[in-house]
Amino acid sequence: QVQLVESGGGLVQPGGSLRLSCAASGSVLPINTMGWYRQAPGKQRELVATISSGGNTDYADSVKGRFTISRDNAKNTVYLQMNSLKAEDTAVYYCYARTFVGLHYWGLGTQVAVSS
């Protein structure tokens, strides 16, 4: 079994920054893709950013230029640096991992609130 544990969420003012971290632990098979999704109240879960084991990244249009995803393969950890935060970025952020054999894992989520 694999556990994904997120950290780094919190309350920040508009224009501020936060850095999320997610570490995979347990019986970890080699991980291909890691990433972040988010779900705001009353909305569906949506992709924020993903990164492959080779470093290829993909971002939602709404966060391009503001968020940066990175990972440490040796530590099975993925990060999300969020700058210039907006109120519409308020959501629960979920860590995601997919192994090379197609297994999917989700974290429990961490709350990000952007408000003055």
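Residues numbered from 1 in each chain as written. Predicted model: local features only at pLDDT ≥ 70, side-chain atom pairs only at ≥ 80, totals over all residues. Heavy atoms only, no water.

Asks: Outline the overall build of the protein, listing residues and values.
Replies: Along the protein, the regular secondary structure elements total 0 helices and 11 strands. For the protein, the succession of helices and strands along the chain, N to C, is β-β-β-β-β-β-β-β-β-β-β. Taken over the C-alpha trace, the protein has a radius of gyration of 13 Å; the compact-globule value for 116 residues is 13 Å, and the two agree within 12%. In terms of its C-alpha atoms, the protein occupies a principal-axis envelope of roughly 40 × 25 × 25 Å. Counting all 116 residues of the protein, 43% fall into the buried class. The long-range fraction of contacts in the protein, counting pairs at least 24 apart against all pairs at least 6 apart in sequence, stands at 52%. Element-wise, carbon and sulfur atoms account for 49% of the exposed surface of the protein, whose accessible area totals about 6000 Å². (Helix = DSSP H or I, 4+ residues; strand = E, 2+ residues; numbered from the N terminus. Rg over C-alpha atoms; globule rule 2.2 N^0.38 Å. Buried < 20%, exposed > 50% of the residue type's maximum accessible area, 1.4 Å probe, protein only. Contact = heavy atoms within 4.5 Å. Areas by Shrake-Rupley, 256 points an atom, 1.4 Å probe, with all protein chains shown as cover.)

Asks: Residue-level account of the packing of aromatic side chains, with values.
Replies: With the rule as written, the count across this model stands at 3 aromatic pairs. Taken together, a centroid distance of 5.1 Å and an interplanar angle of 70° make the contact between Tyr37 and Trp106 edge-to-face. Of this pair, Tyr37 sits in strand E4 (residues 31-39) while Trp106 sits in strand E10 (residues 104-106), and the two are 69 residues apart along the sequence. With 5.0 Å between their ring centres and 50° between their planes, Tyr96 and Trp106 make a pair best called tilted. Taken together, the residues span a long stretch of sequence, with Tyr96 in strand E9 (residues 91-99) and Trp106 in strand E10 at a distance of 10 residues. On the basis of relative accessible area, Tyr96 is assigned to the buried category, the value being 8%. Look at Trp106 and you get partly exposed, because its relative accessible area is 38%. Its guanidinium or amino end placed over the ring of Tyr79, Arg19 lies 4.2 Å from that ring's centre, counting from NZ or CZ. (Phe/Tyr/Trp six-rings, centres within 6.5 Å; stacked < 30°, edge-to-face > 60°. Lys NZ or Arg CZ within 6 Å of the ring centre and 35° of its normal.)

Asks: Give me the state of the cysteines: which residues, what numbers.
Replies: Taken as a whole and assessed by the stated rule, the structure comprises 1 disulfide. Covalent S-S linkage joins Cys22 and Cys95, the inter-sulfur distance amounting to 2.0 Å. Linking Cys22 and Cys95, the disulfide has an S-S dihedral of approximately -85° and is accordingly described as left-handed. Here Cys95 lies in strand E9 and Cys22 lies in strand E3 (residues 18-26), a separation of 73 residues in the sequence. With respect to class, Cys22 is no different from Cys95; both count as buried. (Disulfide = S-S within 2.5 Å.)

Asks: Give me the lowdown on the sheet that holds E3, citing residues and values where you can.
Replies: Pairing in this open sheet of 4 strands is antiparallel, and the strands run E1-E3-E8-E7 from one edge to the other. Of all strands in the sheet, those bounded by a partner on one side alone are strand E1 (2-7) and strand E7 (67-72). Along the sheet, successive strands turn relative to each other by an average axial angle of 15°, direction set aside. As paired elements, E7 and strand E8 (residues 77-82) share 6 bridges and run antiparallel to each other. Looking at the pairing, Thr68 lines up with Gln81 of E8. (Pairing = 2+ DSSP bridges. Axes fitted to C-alpha atoms, helices over the stretch in contact; angles between N-to-C directions.)

Asks: Describe the pairing of strand E5 (residues 46-51), and please don't skip the residues or the numbers.
Replies: When a strand is regular, its side chains alternate between the sheet's two faces. The sheet contact formed by E4 and E5 spans 5 bridges and is antiparallel. Opposite Trp36, over in E5, you have Ala49 as the bridge partner. Adjacent in sequence and paired antiparallel, E4 and E5 are bridged by 6 residues, among which Gly42 carries a positive phi angle near 75°. Sheet topology note: the E5/strand E6 (residues 57-59) ladder contains 3 bridges and is antiparallel. Across the sheet, the residue bridging to Thr50 is Asp58, located in E6. The hairpin formed by E5 and E6 contains 5 residues between the paired strands, and Gly55 there has a positive phi angle of roughly 95°.

Nothing here speaks to function; it is geometry throughout.
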